[in-house]
Amino acid sequence: MRNWLKKREFVMLMMLVVISLGISLITPAFLTPSNLLSIVMNNIILAIMAMGMTLVVVTSGIDVSVGSQLGFAAIFVGLVALLPTANIFIVLAVGLVCGVLLGIFNGILIAGAEIPAIVVTVGTMNVFRGSLLLYTNGKWVTSLPAWYTSMYNSSVLGVPIPIIIFAVVVAVTYYLIQYTRLGRSVYALGGNPVAASRVGINTDKVLLFVFAYMGALTGIASILYGAQLATIDPNAGTSFELTVISAVVIGGASALGGSGSLLGTCIGVLILGVLQNGMILMRVEPYWQDVVMGLILIIAVSVDVLNNRKKEAQKKTIDVAKAIKGGVSA
Amino acid sequence: MASEYIVNLKHISKTFGGIKALNDVSLDIKRGEVHALVGENGAGKSTLIKVLAGVHFPDDGAEIYIDGERTVIKNPMDAIRKGISVIYQDISLFPNLTIAENICIGNDTVWKKHLNWAEINALAEQALAKVGAKIDPAMLLKDLNLASQQIVAIARAISFNSSLIIMDEPTSSLSAGEVETLYKIIETLRNENIAVLFISHKFDEIYRVASRVTVLRDGRYISSHDLAAVERQELIRLMVGRNVEYLTMKAERISEQQILKVNRLCKEGNFYNISFELRKGEIVGITGLVGSGRSEIAKAIFGLNIPDSGEIILEGQPIVIKSAADAVKHGISYIPENRQLEGLLAKNSVCQNMTLAVLDEICKYGCIDTKKETAIAREYTEKLDVRPRDIDKPVGQLSGGNQQKVVLGKWLATNPKILIADEPTSGVDIGAKIEIHKTLRQLANKGIGVVVISSELPEILAVSDRILIMHRGNIVSAMNKEGATQEAILAKALGA
Ligand SMILES: Nc1ncnc2c1ncn2[C@@H]1O[C@H](COP(=O)(O)OP(=O)(O)OP(=O)(O)O)[C@@H](O)[C@H]1O
Ligand SMILES: [Mg+2]
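What you see is a predicted model, and the numbers here were worked out from it, not measured in a lab. (Residues numbered from 1 in each chain as written. Chains lettered and ligands numbered in written order. Predicted model: local features only at pLDDT ≥ 70, side-chain atom pairs only at ≥ 80, totals over all residues. Heavy atoms only, no water.)

S.K.: Can you lay out the packing of helix H13 (residues 240-250) of chain A against helix H14 (residues 262-281) of chain A for me, pointing to particular residues and giving the numbers?
M.R.: Residue and element names in this part refer to chain A. The interhelical angle for the contact between H13 and H14, taken along N-to-C directions, is 120°, at an axis separation of 7 Å. Taken as axis vectors, H13 and H14 run oblique relative to one another. H13 and H14 meet at a crossing whose hand is right-handed. Note on element contacts: H14 touches H13 through Thr265, Gly268, Val269, Ile271 and Leu272, opposite Thr243, Ser246, Ala247, Val248 and Ile250. In terms of residue class, the contact of H13 with H14 is made up of 6 nonpolar, 4 polar and no charged. (Axes fitted to C-alpha atoms, helices over the stretch in contact; angles between N-to-C directions. Helix = DSSP H or I, 4+ residues; strand = E, 2+ residues; numbered from the N terminus. Parallel < 35°, antiparallel > 145°, perpendicular 65-115°, else oblique. Left-handed = near helix turned anticlockwise from the far one by under 90°. Contact = heavy atoms within 4.5 Å. Nonpolar A, V, L, I, M, F, W, Y, C, P; charged D, E, K, R; others polar.)

Here it is as structure tokens:
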């Protein structure tokens, strides 16, 4: 229990509670069920992509092309949805495949050609966006069919579909990183890449997977994007990557790799979501909103740095028994 | 019938970018024996075991036999499956994973596509119990200190039920008690007919645990012996190619001027009532069993361990040291014991690493004066005999011992008033040890006050002008160099 209190997630959770309380004291409109639900609904896309970004950051990588990926996949999903023969399953498949392909493209360059992730994804960010604008000529995709757009606001057994999709993403990702060799390899690679290959981890494969998974989740997010807004701008998602990365970092993932949790990232997303919602309710000028968001990021990271310093002094020693009983081999 | 030898290596060569790190080396390890591998820093010991462990692939012509059968070791996991596990010099574990994961990762019996945590934790607990370690396997590795991480590495190696366990300088980060544990573990392994290949620069240790020894020099095989049949001096001669002995160097001139005085320093649980003085030009040696509080005092003077009471007087002025930055400001330098933690910048050159602590001095108008930089790096690579003598080489490509020398050089270059060196020669070979002793003496002769902490008694006798002996947090005796003997020091250190 004590341990739990010391956890990074707990600190961030407290921060979230304090911020929420502060906002609700100023604007009573904040703490209403409908407003809280809308915070969640407005940040599902961010949350889904942040799940994938958590894994990327754990490998000590980064993917700044996800904003462009989102726009790219969303446009294609929209174009397919406009076809007369389209249905929800085709749309889902197109979004997913499109995202995975973009992610694999990044992954091959990063793992195969061993170019640093920041370099590759800055490049592909422009390549993806540029080719999208060339292809669409800058035109929006509009008048999407109702069967597609209604998806965002319908529910199954009272639970909105986007929340169900998010829950599935979280469950799959959690299972992946907690109960599969591949998922643990992601953390091992982030913790000590040299040791990782020494214990038989195919580090290239792991990196490729991580970027492909990031792409897959961006693809899923792109389906929700079109459904939520009903029109898709080829500039959709521009600089959204920064929000995604902020959420992950606020949630406690270290840019040095090796650490980061889904719960932390969810809290990171909520902190950003709550702040934004609160500031809109309080009618804070938009420019100020950027300043506050940036400050929160810096504060969160500073807390980490201070925490780590303290920890260095509290390392444990294993107590080794004076006499060793029994044999060594099993 | 199973072969008498568990491993035979023949004609092993390994070239790194045109330089031969190994040249036609052979090594034969008998089933169940403890075999020591010795040689100077950079002789190729770690490279040889990395070939055996599947980390490096040898050049053409190599022959590897396991259990008498010719084989090829494709990668590290292949080596483990063939019964060879390794504790690397750089430990090579995952700080961000749990102890259980660190033990089980890559172990086919539990590290399956879908992980069963009950299975993993059970195997880890079993492995930890075998080395007598009491710790919760769900803890993160990074929450352990370096010595404890080393114990986890040992537990991991044992958990594979290998027939050969390779240990590359396993004791360099262990305390005396932990070293005893390691000896016991090795003994148990031997009783169960598991062979151990043991790399070390400490002769006491080698004679204590090993029965045979193989000597490497400059990447070549020199000879193998039964340890019972070869004297220490002979072994050193084989390693270095000439006779080497510790030199006792007298101080040129110890001034009457006290540079440092420590007055009744106390820290509950660490040390009590510590008082001593250090004069300009003097080397004070502090010895005692590991855990007797030696390193804690050093850290207290350097601001890394704040004492409960007592005072530190620098050149007659009482000073308050609350952090390492304060200490540096007062002209105190400290070379820590666990230099693996020091974080060399592996991809940067020897030169850049050596001058890291003196960046201010080598900068002119904010730009690095490369002439000065290379001069400093040249001076200390020369003085400490860093091999190869190439200051542009990335530090990560140096052998473990040579990396140690770079860290040492980095701190020696700082030109302090007081230098505190904790185990300055850990991990370096005998020739380099003597060079380090000489360097410390030269610094003292320049008027610096030097404190050397070491558990190696011959070293303490060779370098110090005065010797302080600690036992359970107290200074129990102070001896002058004249008249001090190993026996007398040991008796005091043991609390007699
Ligand atoms: N990855 C590498 N790239 C280039 N050179 C290397 C590499 N690894 C080792 N070497 C070189 O090979 C030689 C042998 O190094 P090795 O690490 O085997 O020495 P060692 O005997 O283990 O020494 P120590 O006692 O210092 O650990 C050294 O000259 C080293 O610089
Ligand atoms: Mg070595």
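S.K.: Quick one: what's the story with the environment of Asn192 of chain A, residue by residue and with numbers?
M.R.: Among the structural elements, Asn192 of chain A can be located in the loop between helix H10 (181-191) and helix H11 (193-198). Under the relative-accessibility criterion, Asn192 of chain A is labelled buried at 18%. Residues Asn192 of chain A and Ala216 of chain A lie 24 residues apart in sequence; the distance between their C-alpha atoms is 26 Å. Excluding residues within four positions of it along the chain, Asn192 of chain A makes contact with Ser92, Leu93, Phe94 and Pro95 of chain B. A distance of 2.8 Å separates the side chain of Asn192 of chain A from the backbone oxygen of Leu93 of chain B, its partner in a polar contact. (Buried < 20%, exposed > 50% of the residue type's maximum accessible area, 1.4 Å probe, protein only. Polar contact = N/O pair within 3.5 Å; in protein donor to acceptor, adjacent residues only side chain to side chain.)

S.K.: So what's going on with the state of the cysteines? Which residues, and what values?
M.R.: Residue and element names in this part refer to chain B. Within this structure, the stated rule accounts for 0 disulfides over all chains. The structure places no disulfide on Cys351, whose sulfur is separated from the nearest cysteine sulfur, that of Cys363, by 12 Å. Of the residues examined, Cys351 reaches a relative accessible area of 4% and is grouped as buried. (Disulfide = S-S within 2.5 Å.)

S.K.: Which residues make up the pairing of strand S22 (residues 466-471) of chain B, and what values do they have?
M.R.: One face of the sheet, then the other: side chains in a regular strand alternate in exactly this way. All names here are of chain B. Most of S22 is tucked away, with 6 of its 6 residues classed as buried. By the alternation rule, side chains of S22 split into Arg466, Leu468 and Met470 and Ile467, Ile469 and His471, which are all buried. Here strand S14 (residues 283-288) runs beside S22; their pairing, made up of 5 bridges, is parallel. Across the sheet, residue Gly288 finds its bridge partner in S22, namely Met470. Relative to strand S23 (residues 474-480), S22 runs antiparallel, the two sharing 6 bridges. Residue pairing across strands places His471 opposite Asn474, the latter belonging to S23. Connecting S22 to the antiparallel partner S23 that follows it, the hairpin turn spans 2 residues, and Arg472 within it adopts a positive phi of roughly 45°. (Pairing = 2+ DSSP bridges.)

S.K.: How would you summarise the nonpolar core if you had to cite specific residues and measurements?
M.R.: Counting 155 residues, the largest nonpolar core has Ile48, Met53 and Ile271 of chain A together with Ile103 and Met167 of chain B as its most contacted members. Non-local contacts of Met167 of chain B, meaning those with residues more than four positions away in its chain, are made with Ile87, Leu182, Ile186, Leu189, Val196, Leu197, Phe198 and Ile199 of chain B. In terms of nonpolar packing, the next biggest core, distinct from the first, is built from 30 residues, Met354, Leu398, Val428 and Val452 of chain B among them. (Core = buried A, V, L, I, M, F, W, Y, C linked by side-chain atoms within 4.5 Å.)

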